[in-house]
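Topology and contacts: notes
Listed below are the residues making up each chain.
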Amino acid sequence: MSFIEIDSLLKVVVAGLIVGAGLPALFALGVRLAAGRTTPAAVDVDGAQLTPSGDVVTVERPSIARLIAGGICFLVVVLAVAGGIVFLASGGH
């Protein structure tokens, strides 16, 4: 006689990994994709804010493909959260 149902335990562990680690990781990937790339560029402009190494950090705009991929990541996260709320509000078990 076993007090632990392995099948149920595995379902809870897999769901916890997906929701507890997968969605935050997907959100972080979306932020990283939507952010522009930073590259240091040395300049000789009077009054420019320079880093201690004498470089000015420039930020390039992300490409359209990166913006779309980031938007898809955000959309999946929002849909998962909305689906969870609907599931709980409908008395889900």
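Procedures and definitions
Residues numbered from 1 in each chain as written. Predicted model: local features only at pLDDT ≥ 70, side-chain atom pairs only at ≥ 80, totals over all residues. Heavy atoms only, no water. Helix = DSSP H or I, 4+ residues; strand = E, 2+ residues; numbered from the N terminus. Buried < 20%, exposed > 50% of the residue type's maximum accessible area, 1.4 Å probe, protein only. Contact = heavy atoms within 4.5 Å. Areas by Shrake-Rupley, 256 points an atom, 1.4 Å probe, with all protein chains shown as cover. Phe/Tyr/Trp six-rings, centres within 6.5 Å; stacked < 30°, edge-to-face > 60°. pLDDT = per-residue confidence, 0-100. Polar contact = N/O pair within 3.5 Å; in protein donor to acceptor, adjacent residues only side chain to side chain. Axes fitted to C-alpha atoms, helices over the stretch in contact; angles between N-to-C directions. Parallel < 35°, antiparallel > 145°, perpendicular 65-115°, else oblique. Left-handed = near helix turned anticlockwise from the far one by under 90°.

It is worth spelling out the overall build of the chain at this point. Helix and strand counts for the chain come out as two helices and two strands. Starting at the N terminus, the α and β elements of the chain follow one another as α-β-β-α. Within the chain, the proportion of its 93 residues that are buried is 10%. A separation of at least 24 residues holds for 49% of the contacts in the chain among residues at least 6 apart in sequence. Carbon together with sulfur atoms contributes 71% to the accessible area of the chain, which is approximately 7500 Å² in total.

Overall, the coordinates contain one aromatic pair when judged by the stated rule. With a centroid separation of 5.4 Å and 55 degrees between ring planes, the pair formed by Phe 27 and Phe 74 is classed as tilted. A residue pair is termed long-range when its members are at least 10 positions apart, and Phe 27 in helix α1 (residues 6–34) and Phe 74 in helix α2 (residues 64–89) qualify at 47 residues. Given the relative accessible area of 43%, Phe 27 is considered partly exposed.

Relative to the helices and strands, Arg 37 resides in the loop between α1 and β1 (38–42). What makes Arg 37 exposed here is its relative accessible area of 52%. Sequence separation of Arg 37 and Arg 61 is 24 residues, and the distance between their C-alpha atoms is 7.1 Å.

On average, residues of the chain carry a pLDDT of 83, and 75% of them reach 70 or more. Put simply, β1 is where the chain has its lowest mean pLDDT, 59, and α2 is where it has its highest, 94.

Turning our attention to the side chain of Arg 66. Counting through the fold element by element, Arg 66 comes out in helix α2. Within the structure, the side chain of Arg 66 is placed 3.3 Å from the backbone oxygen of Leu 33, a separation counted as a polar contact. In this structure Arg 66 touches Arg 32, Leu 33, Ala 35 and Arg 37, once residues within four positions along its chain are discounted.

Now for the packing of α1 against α2. If you want to describe how two helices pack, look at the angle between their axes and the distance between the axes. Close contact between α1 and α2 brings their axes to 8 Å; oriented N to C, the two are set at 155 degrees. Put simply, α1 runs roughly antiparallel to α2. Seen along the crossing, α1 lies across α2 with a hand that is left-handed. In this structure, α1 contributes Leu 23, Leu 26, Phe 27, Leu 29, Gly 30, Val 31, Arg 32, Leu 33 and Ala 34 to the contact, and α2 contributes Arg 66, Leu 67, Ala 69, Gly 70, Cys 73, Phe 74, Val 76, Val 77 and Ala 80.

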